[in-house]
Amino acid sequence: MKKKSCVWLVCVLLCLASVGKAQVVTLENGFAITSLRSGIGLDKVYPYQVALGMQYADKGWFNLSSNIGYLRRGAQVELASSYVDYDEQIIMKSKLHYITLNTTFDIKKTSRDGYTFFVGAGPRLDFNLKSTIEMYADYSGPSDFEPTKEKLDGIHTVLFGLKCVGGIRKDFGNMQLGLNIAYLPSFTKLAYKVHDRTFTFGLSLGYKLGAGKEKAETIRSVRRHK
């Protein structure tokens, strides 16, 4: 994806924050469980994912959340070869790098002890940055196999799908700590006859915007009524 497109996506997110009066800015860090489904058996991989987001339009029982982040998909397959004195496995691993943009409608409920449980869903767009395929040997003896890394062709530039998320969060003063689990179904194929199945798990750290201002206004209101 071109750098101008990345800048455009960031601008859209900032505009949403301005219009929606963002109330909490979040940073999510974690991993994904991703697999590619095609005609051959492929093993799952557990890549890294990170996202910067915001919560806004909070009405008590629901809020909107928008996120922009980095996500890596992929899979691997092992090709075994046997020799007289040792066994050799050639591992072929694909790595697909994406910028992901999504907005979800979150329904939430806060318990008496201050924990907020939520579930949400909304549209998602993933933009492919680059795709590579690596091959290397995992062997118990000598090997003449040279590791290779090449560009993977045939990957679609844009994926359209949904983000279905659920989790729990807790406020600590101006800060917010949360745990999120999401399923990312895609309506678009990654490539010809190739589908993906991706789940993400992340720990999020949030900061409440305007919390200090609200506190100051409350103090001024109390002083006026004295």
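Refer to the structure above for everything that follows.
Below, the structure is looked at part by part. Just so we're clear, the structure is a prediction, and the values are computed from it rather than from any experiment. (Residues numbered from 1 in each chain as written. Predicted model: local features only at pLDDT ≥ 70, side-chain atom pairs only at ≥ 80, totals over all residues. Heavy atoms only, no water.)

**A look at the overall build of the chain**
Step number 1: Within the chain, the regular secondary structure consists of two helices and nine strands.
Step number 2: Burial statistics for the chain: of 226 residues in total, 38% are counted as buried.
Step number 3: Taking as baseline every contact in the chain between residues at least 6 positions apart, the subset at least 24 positions apart corresponds to 67%.
Step number 4: Approximately 13700 Å² of the chain is accessible, and the part contributed by carbon and sulfur atoms is 61%. (Helix = DSSP H or I, 4+ residues; strand = E, 2+ residues; numbered from the N terminus. Buried < 20%, exposed > 50% of the residue type's maximum accessible area, 1.4 Å probe, protein only. Contact = heavy atoms within 4.5 Å. Areas by Shrake-Rupley, 256 points an atom, 1.4 Å probe, with all protein chains shown as cover.)

**Points about the pairing of strand β7 (residues 158-172)**
Step number 1: Both β7 and strand β8 (residues 175-183) contribute to a ladder of nine bridges, which runs antiparallel. Bridge assignment links Val165 to a residue of β8, and that residue is Ala182. (Pairing = 2+ DSSP bridges.)

**Examining the packing of aromatic side chains**
Step number 1: Applying the stated criterion to the full structure yields six aromatic pairs.
Step number 2: Centroid distance Trp61 to Phe62: 4.7 Å. Interplanar angle 65°. Geometry classified as edge-to-face.
Step number 3: Phe62 sits in the buried class, given a relative accessible area of 17%.
Step number 4: Arranged with centres 6.4 Å apart and planes meeting at 75°, the rings of Trp61 and Phe105 form a pair that is edge-to-face. (Phe/Tyr/Trp six-rings, centres within 6.5 Å; stacked < 30°, edge-to-face > 60°.)

**Details of the side chain of Thr26**
Step number 1: By the element assignment, Thr26 lies in strand β1 (residues 24-37).
Step number 2: According to the relative accessible area criterion, Thr26 is buried, its value standing at 9%.
Step number 3: Those residues in contact with Thr26 that lie beyond four places of it in its chain are Ala51, Leu52, Gly53, Met54, Gln55, Asn67, Gln176, Leu205 and Gly206.

**Observations concerning the nonpolar core**
Soluble globular proteins tend to bury their nonpolar side chains together.
Step number 1: Counting nine residues, the largest nonpolar core consists of Leu36, Ala75, Leu96, Tyr98, Ile155, Leu159, Leu190, Ala191 and Val194.
Step number 2: When sequence neighbours within four positions are dropped, the list of residues in contact with Ile155 reads Leu96, Tyr98, Asn128, Ser131, Leu190 and Ala191.
Step number 3: Counting six residues, the second largest nonpolar core, distinct from the first, contains Ala32, Leu71, Val165 and Ala182. (Core = buried A, V, L, I, M, F, W, Y, C linked by side-chain atoms within 4.5 Å.)

**A short note on the pattern of salt bridges**
Step number 1: A full pass over the atoms with the stated rule returns five salt bridges.
Step number 2: The partner of Asp196 in a salt bridge is Arg73, with the nearest N and O atoms 2.8 Å apart. With Asp196 in strand β9 (residues 195-208) and Arg73 in strand β3 (residues 62-82), this residue pair connects regions lying 123 residues apart in the sequence.
Step number 3: By relative accessible area, which is 11% here, Asp196 ends up buried.
Step number 4: Given the relative accessible area of 1%, Arg73 is considered buried.
Step number 5: A salt bridge links Lys208 to Asp171; the nearest nitrogen and oxygen atoms lie 3.1 Å apart. Here the residue Lys208 occupies a position in strand β9, and Asp171 occupies one in strand β7, the gap between them amounting to 37 residues.
Step number 6: Classification of Lys208 by relative accessible area gives partly exposed; the value is 22%.
Step number 7: The class of Asp171 is partly exposed, set by a relative accessible area of 35%.
Step number 8: Via salt bridges that share partners, Arg73, Arg124, Asp126 and Asp196 belong to a single interconnected network. (Salt bridge = Lys/Arg side-chain N within 4 Å of Asp/Glu carboxyl O.)

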